[in-house]
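Remarks on the overall topology
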Amino acid sequence: MKIGCPTEIKPQEFRVGMTPNAAQEAVAHGHEVLIQSGAGLGSGFTNEDYIAAGAVIIDTAEEIFASADMIVKVKEPQAIERKMLREGQLLFTYLHLAPDPEQTHDLLASGCTAIAYETVTDASGGLPLLAPMSEVAGRLAPQVGAWTLQKANGGRGVLMGGVPGVGPAKVLVIGGGVVGTHAARIAAGMGADVTVLDRSLPRMRYLDDVFGKVFKTGFSSAGYTAELLQQADMVIGAVLIPGAAAPKLVSRAQLATMKPGAALVDVAIDQGGCFETSRATTHADPIYDVDGIMHYCVANMPGAVARTSTIALGNATLPFLLALADKGWRKACEDDPHLLNGLNVHAGQLTYYAVGKALELDVLAPALALKA
Ligand SMILES: NC(=O)c1ccc[n+]([C@@H]2O[C@H](COP(=O)([O-])OP(=O)(O)OC[C@H]3O[C@@H](n4cnc5c(N)ncnc54)[C@H](O)[C@@H]3O)[C@@H](O)[C@H]2O)c1
């Protein structure tokens, strides 16, 4: 198969769909890998790295889209890229179609077959191609929160780990899923006093079993949250209710009960945010002040550490990418129902129910798409 990997063109996107190591494995499987010149630079990979891996460097995205059988990307194809997709071509990337009727329309019109990273599943009910980015955002959250807490950034001037004779920062993590667990681990590793709130008792049992005394767990009731908010130097928002906007768990009025200069890091901002006062920010201007409380609400946190994010995403996508290239998408999806769950569009038809429901479009059962 000819596998094409164009440079990402969405603003502020520095990741790339294939690492040189992924390219090398695909080449070893007998595939031809076409990388757009400079595609890896944002993640620290040069053209020479890809050439050494056996890939071919191509000057333009147009040439890649014209010749590749499968396009591997990170972000959803932008309008100019969607025009270059064609019937029978396979697209493997994040799509997030439900809130995006324009993209959905263009993908249907192109006739391509599109497999979305975010809907591929695993045997434990998780989302294996979303998890690496949640891990990155979770581990980054205490790091950016610690920076926000510094005096020059408007923060309270508290050091995460304290020092001998001075107590550590108190960190409250709301939501103990992938983001929250990784955030709690890193905050505790920095020496902070960490509590994780969740509403799922099985999840809290798991956290307690695995992490013991590294951090505390608590039930996320409105009353207990309000109590802990008053003591917190940093609050990390990491809740998710699948398919719904994030619940607002901290109101504007509650900010007045917090310590002045405390930091709120709302990782759930990509689902609308879990603090009433959250609004999405960018890496260029990440923090703002509401009533003396500093907010960090960057919607694409993994972009700050593009190299780590690219490699983490590449590790997760590689087995699926190789299956698609080795067997073709039909056989790969027939053999692996979790990969079939990633199928969102095929030959002009939508094949993912939640997207059809959100956009009020007809859906072809994925199993029928395999035969279409
Ligand atoms: N900003 C970014 O760059 C970025 C990057 C990755 C993920 N995210 C977002 O971070 C959020 C968390 O993702 P995740 O992968 O950890 O999800 P997850 O499903 O693994 O975890 C979510 C957790 O929230 C808990 N929860 C639900 N309602 C709650 C409540 N009222 N109080 C406390 N806990 C509650 C759930 O029980 C679950 O344990 C999502 O919105 C995701 O989109 C943002």
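Use the structure listed above.
These lines cover the structure that appears in this document, whether it is placed above or below.

Reading the values: rules and limits
- Residues numbered from 1 in each chain as written.
- Predicted model: local features only at pLDDT ≥ 70, side-chain atom pairs only at ≥ 80, totals over all residues.
- Heavy atoms only, no water.
- Core = buried A, V, L, I, M, F, W, Y, C linked by side-chain atoms within 4.5 Å.
- Buried < 20%, exposed > 50% of the residue type's maximum accessible area, 1.4 Å probe, protein only.
- Helix = DSSP H or I, 4+ residues; strand = E, 2+ residues; numbered from the N terminus.
- Phe/Tyr/Trp six-rings, centres within 6.5 Å; stacked < 30°, edge-to-face > 60°.
- Lys NZ or Arg CZ within 6 Å of the ring centre and 35° of its normal.
- Contact = heavy atoms within 4.5 Å.
- Pairing = 2+ DSSP bridges.
- Axes fitted to C-alpha atoms, helices over the stretch in contact; angles between N-to-C directions.

Now for the nonpolar core. In this structure, Met18, Met70, Phe92, Ile115 and Leu324 are the most contacted members of the largest nonpolar core, which totals 44 residues. A total of 9 residues in this core trace back to one element, the largest contributor, which is helix 11 (residues 306-327). Formed by 32 residues, the second largest nonpolar core is a distinct cluster that contains Ala184, Ala187, Ala188 and Met301.

Within the structure shown, the criterion is met by 4 aromatic pairs. Summarising the aromatic geometry, the rings of Phe92 and Tyr117 are spaced 4.8 Å apart at their centres and angled 90° between planes, so their arrangement reads as edge-to-face. Of this pair, Phe92 sits in strand 5 (residues 90-93) while Tyr117 sits in the loop between strand 6 (113-116) and helix 6 (131-148), and the two are 25 residues apart along the sequence. Ring geometry for Tyr94 against Tyr117: centres 4.9 Å apart, planes inclined by 80°, an arrangement best described as edge-to-face. Of this pair, Tyr94 sits in the loop between strand 5 and helix 5 (101-110) while Tyr117 sits in the loop between strand 6 and helix 6; the two residues are 23 residues apart in sequence, bridging distant segments of the chain. You'll find Tyr94 and Tyr117 in the same group, each marked buried. Clustering of aromatic rings is evident, with ring pairs tying together Phe92, Tyr94 and Tyr117. The cationic tip of Arg279 hangs over the ring face of Tyr288; the distance from NZ or CZ to the ring centre is 3.9 Å.

With that settled, consider the side chain of Asn344. As for its position among the elements, Asn344 is in strand 14 (residues 343-346). Given the relative accessible area of 1%, Asn344 is considered buried. In contact with Asn344, not counting residues within four places along its chain, are Leu95, Leu97, Ala114, Ala116, Thr119, Gln349, Leu350, Thr351, Tyr352 and Val355.

Once that is clear, we can look at the environment of Ala299. Position of Ala299 among the secondary structure elements: in the loop between strand 13 (293-296) and helix 11. Given the relative accessible area of 39%, Ala299 is considered partly exposed. Residues in contact with Ala299, not counting those within four places in the same chain, are Ile269, Asp270, Ala280 and Thr281.

For the rest of this paragraph, the subject is the pairing of strand 11 (residues 263-266). By the alternation rule, side chains of strand 11 split into Ala263 and Val265 and Leu264 and Asp266, which are all buried. Of the strand pairs in this sheet, strand 10 (residues 234-237) and strand 11 are connected by 4 bridges, and their pairing is parallel. By the bridge assignment for strand 11, Val235 is matched with Leu264. Sheet analysis places strand 11 next to strand 13, joined by 3 bridges and oriented parallel. The residue bridging Val265 from the neighbouring strand is Tyr296, located in strand 13.

Taken in spatial order, the 7 strands make up an open sheet running 9-8-7-10-11-13-12, and their pairing is mixed. The open sheet is flanked by strand 9 (216-219) and strand 12 (287-290), the only strands paired with a single partner. Taking the axes of each pair of neighbouring strands and ignoring which way they run, one obtains an average angle of 20° across the sheet. Summarising the sheet, strand 7 (residues 170-174) and strand 8 (residues 193-198) pair through 5 bridges and their orientation is parallel. If you follow Val171 over to strand 8, its bridge partner there is Val194. Where helix 7 (residues 178-189) meets the sheet, its contacts fall on strand 7, strand 8 and strand 10, and the angle it forms with strand 8 comes to roughly 170°.

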